[in-house]
Amino acid sequence: MQWSNRQPIGPWALIDRLRLRRAALRYAAHGWAVTPGAYLTGDRFDCGRPGCPIMGCHPAIECWEDDAATDPDLITRWWRQRPYTVLLATGGRFDALEVPAPVGLRALGAVRLHAGVIGPERGDARGPVLVTPTGRWMFLVLPGEGLRPELASCLDVLRHGRGSWIPAAPSRTPQGPVRWAVAPEQTGWHLPTSGAVQAMLLDALDALGRRPQRRMTVAVPRQMSTARRAA
């Protein structure tokens, strides 16, 4: 089978679209709202809208926040013609805590090492973890809890809540595919509390010597929201 990070070749274009649709339907079946994202053509993403200037990954629907859905018929129609990137809308069933690879790798190792051993004050931090080919790790957690000040002051730590989205496997980027470091099936689609995962991330930052020495106020933009697209 011949694949490319740019575009599937020949009949594999159909297979690629079917794989993406199947994944979108699987996420939706567990209550995770999905929305189609621009698909990869060459080294840029194409949403199909004339004149769209965005070359990176972004929603293919203008009002994606309102239209993100779990309806299988709608999702099937979305992926009927194009191999759209699968985007998961955050802030509904889950939030996502995004960290750089060294922090994510160390935190995940700690979660696995201490599973069933850590005290009740830490809780069960096991849950799905997405990894992008550019080295960003995303821990999926129960929604609604903000970042602790120590994490909010880190410029490379983000919380994706309502009004944001994350790419999901098996979507492709120019650098390679998005993948699961911990697939939702491995944890029975269980989502840990945000506090439990944040505690592990803080431990990882301390171990790596990356916790900021002084607190800074950081405004985290909404990821490719309609307002940002219009700017």
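What counts as what
- Residues numbered from 1 in each chain as written.
- Predicted model: local features only at pLDDT ≥ 70, side-chain atom pairs only at ≥ 80, totals over all residues.
- Heavy atoms only, no water.
- Helix = DSSP H or I, 4+ residues; strand = E, 2+ residues; numbered from the N terminus.
- Buried < 20%, exposed > 50% of the residue type's maximum accessible area, 1.4 Å probe, protein only.
- Contact = heavy atoms within 4.5 Å.
- Areas by Shrake-Rupley, 256 points an atom, 1.4 Å probe, with all protein chains shown as cover.
- Core = buried A, V, L, I, M, F, W, Y, C linked by side-chain atoms within 4.5 Å.
- Phe/Tyr/Trp six-rings, centres within 6.5 Å; stacked < 30°, edge-to-face > 60°.
- Lys NZ or Arg CZ within 6 Å of the ring centre and 35° of its normal.
- Pairing = 2+ DSSP bridges.
- Axes fitted to C-alpha atoms, helices over the stretch in contact; angles between N-to-C directions.

Asker: How should I be thinking about the overall build of the chain in this particular structure?
Answerer: Tallying secondary structure elements over the chain gives seven helices and 12 strands in all. Out of the 231 residues in the chain, the part that is buried amounts to 46%. Taking the contacts inside the chain whose residues are at least 6 apart along the sequence as the reference set, 80% of them involve residues at least 24 apart. In the structure as shown, the chain presents an accessible area of about 11200 Å², 53% of it carried by carbon and sulfur atoms.

Asker: Before we go on, may I ask you to explain the nonpolar core in this structure?
Answerer: Nonpolar side chains tend toward joint burial in soluble globular proteins. Within the largest apolar cluster, 41 residues are counted, with the highest numbers of intra-cluster contacts made by Tyr27, Trp32, Trp79, Leu130 and Leu140. Secondary-structure elements contributing two or more residues to this core are α1 (12–29), β2 (39–41), α3 (72–78), β4 (85–89), β7 (136–141) and β9 (165–167). Counting residues per element, this core draws most heavily on α1, at five residues. Contact partners of Tyr27, with chain neighbours within four places excluded, come to Trp32, Val34, Val86, Leu88, Ala168, Ala169, Trp180 and Trp189.

Asker: So what exactly am I meant to see when it comes to the packing of aromatic side chains here?
Answerer: In this description, a pair of aromatic rings is defined by centroid distance and the angle of the planes. Across all of its chains, the model carries eight aromatic pairs by this definition. Between the aromatic rings of Tyr27 and Trp32, the centroid separation amounts to 6.0 Å while the plane-to-plane angle is 15°, which identifies the pairing as stacked. Note on Tyr27: relative accessible area 0%, which makes it buried. Ring centres 6.3 Å apart and planes at 85° place the aromatic pair Trp79 and Tyr84 in the edge-to-face group. Pairwise contacts between aromatic rings join Tyr27, Trp32, Phe94, Trp180 and Trp189 into one cluster. Above the face of the Tyr27 ring, Arg26 is positioned so that its terminal group lies 5.2 Å from the ring centre.

Asker: What exactly am I supposed to notice about the sheet that holds β9 here?
Answerer: The strands that make up a sheet pair up through hydrogen bonds in the backbone, lying either parallel or antiparallel. Strand order in this open sheet of three strands is β1-β4-β9, and the pairing throughout is antiparallel. Looking along the sheet, the strands with just one partner apiece sit at the ends: β1 (34–37) and β9. Recorded for the sheet is a direction-independent mean angle of 35° between the axes of neighbouring strands. Two elements, β4 and β9, share three bridges in a ladder whose sense is antiparallel. Note that in β9 the partner of Ala89 across the bridge is Trp165.

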